[in-house]
Amino acid sequence: GAVVSQHPSWVICKSGTSVKIECRSLDFQATTMFWYRQFPKQSLMLMATSNEGSKATYEQGVEKDKFLINHASLTLSTLTVTSAHPEDSSFYICSAEDRGSHEQYFGPGTRLTVT
Amino acid sequence: KQEVTQIPAALSVPEGENLVLNCSFTDSAIYNLQWFRQDPGKGLTSLLLIQSSQREQTSGRLNASLDKSSGRSTLYIAASQPGDSATYLCAVADYKLSFGAGTTVTVRA
């Protein structure tokens, strides 16, 4: 089956620093990847849609200058949280879309804690 | 805007009982509906995907139905086991994937 990996699985950083999270599709090519965040006991909220070779599309209320997304290849998308603050602490999950079925395959998530 | 609701928010049953989890959505123009399982602090495990043209999908003890016209899906888990304890999320796909808040299931041994 299709596998999506994320790195790192957890990260702790100091307030004001930037953190990069990688999302890779291991055995298929993904022209579209998605980034979600999940707060404790809440559902996943879509942050942005990442299309290979073009700019990401951000959902309303998501700061594009704070959450930088790059989708430079068909197997890799990155999310960089810039000038992180404690309120950015969350569980970030990416997914990659199979073009045929529109099924999304999810990564295992990255736990970000900003101190 | 697509809104997805899951009822109940939490469910506790004794081992062996059948589970019924409900999901409703407001816009029936969807590609598919997926059910996921999420363990605490973990990512998502896809359980079943139902294409918009399908009425149900089955995998082992799991069966999911889809009534697109009424905007409803139901996940049935037969003969529940303690290992089924988790949060179950449904998500509908139109131009994006919209998630419900989940049903947290506890199966008591």
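For the structure given in this document, a descriptive report is provided here. All figures in this text were calculated on a predicted structure; none of them were measured in a lab. The residue numbers shown here count from 1 along each chain, following its written sequence. For naming, the first written chain is A and the first written ligand is 1, with later ones following in the order written. Note on the predicted model: pLDDT of at least 70 is required for a residue's local features to be given, and 80 or more for side-chain atom pairs to be given and counted; whole-chain, interface and lining totals, by contrast, use all residues. Each side-chain value is derived from all of the structure's non-hydrogen atoms; neither hydrogens nor water enter the calculation.

**A few points about the packing of aromatic side chains**
Note on aromatic contacts: the rings of Phe and Tyr and the six-membered ring of Trp form a pair at centre separations within 6.5 Å, being stacked when their planes are under 30 degrees apart, edge-to-face when over 60 apart, and tilted otherwise. One pass over the structure, following the stated rule, counts seven aromatic pairs over all chains. Aromatic pair A:Y36 and A:F106: ring centres 5.6 Å apart, planes at 40°, arrangement tilted. Note that A:Y36 is positioned in strand β4 (residues 32-38) and A:F106 in strand β10 (residues 104-106), a separation of 70 residues in sequence. Overall, A:Y36 belongs to the buried group, its relative accessible area being 0%. Relative accessible area serves as the criterion here: at 11%, A:F106 is assigned to the buried category. Members of the aromatic cluster, each reached through a chain of ring pairs, are A:Y36, A:F106, B:F36 and B:F99. Over the face of the ring belonging to A:F67 we find A:K66, whose NZ or CZ atom lies 6.0 Å from the ring centre. By the criteria applied, helices consist of DSSP H or I runs no shorter than four residues and strands consist of E runs no shorter than two, each listed in order from the N terminus. A 1.4 Å probe rolled over the protein chains alone gives each residue an accessible area, and that area as a share of the maximum for its type sets the label: buried under 20%, exposed over 50%, partly exposed in between. The criterion for a charge sitting over a ring is simple: Lys NZ or Arg CZ within 6 Å of the ring centre, and within 35 degrees of the ring normal.

**Thoughts on the layout of surface pockets**
Here a cavity denotes a set of grid points, spaced 1 Å apart and computed over the protein atoms alone, in which a 1.4 Å probe fits but from which it cannot get out, and a pocket denotes an open set meeting protein on both sides within 12 Å along at least five of seven lines; residues with an atom within 4 Å of a point are reported as lining. Grid points are joined across faces, edges and corners, and a volume is the space filled by probe spheres set on the points. Here the largest pocket defines a volume of roughly 680 Å³. Taken together, 30 residues form the lining of the largest pocket, with A:M45, A:L46, A:E59, B:K1 and B:K96 sitting closest to its centre. Within the residue set of the lining of the largest pocket, elements represented by two or more residues are β5 (44-51) of chain A together with β1 (4-7) and β10 (97-99) of chain B. Ranked by the residues each element gives to the lining of the largest pocket, the list is headed by β5(A), at four residues. Of the voids in this model, the second largest pocket is the one considered here, and its volume is about 450 Å³. What lines the second largest pocket is a set of 21 residues, among which A:K41, B:Q38, B:P40, B:T87 and B:T104 lie closest to the centre. Broken down by secondary-structure element, the contributors of at least two residues to the lining of the second largest pocket are β9 (86-93) and β11 (103-108) of chain B.

**Quick look at the sheet that holds strand β3 (residues 19-25) of chain A**
Residue and element names in this part refer to chain A. Pairing in this open sheet of four strands is antiparallel, and the strands run β1-β3-β8-β7 from one edge to the other. Two strands lie at the open edges of the sheet, namely β1 (4-7) and β7 (67-73), each paired on one side alone. This sheet shows a mean twist of 15° between the axes of neighbouring strands, independent of strand direction. Strands qualify as paired when DSSP identifies two bridges or more between them. As paired elements, β3 and strand β8 (residues 76-81) share six bridges and run antiparallel to each other. Across the sheet, the residue bridging to K20 is T80, located in β8. Lines fitted to C-alpha atoms define the axes, with helix axes restricted to the stretch in contact, and inter-axis angles between N-to-C directions lie between 0 and 180 degrees.

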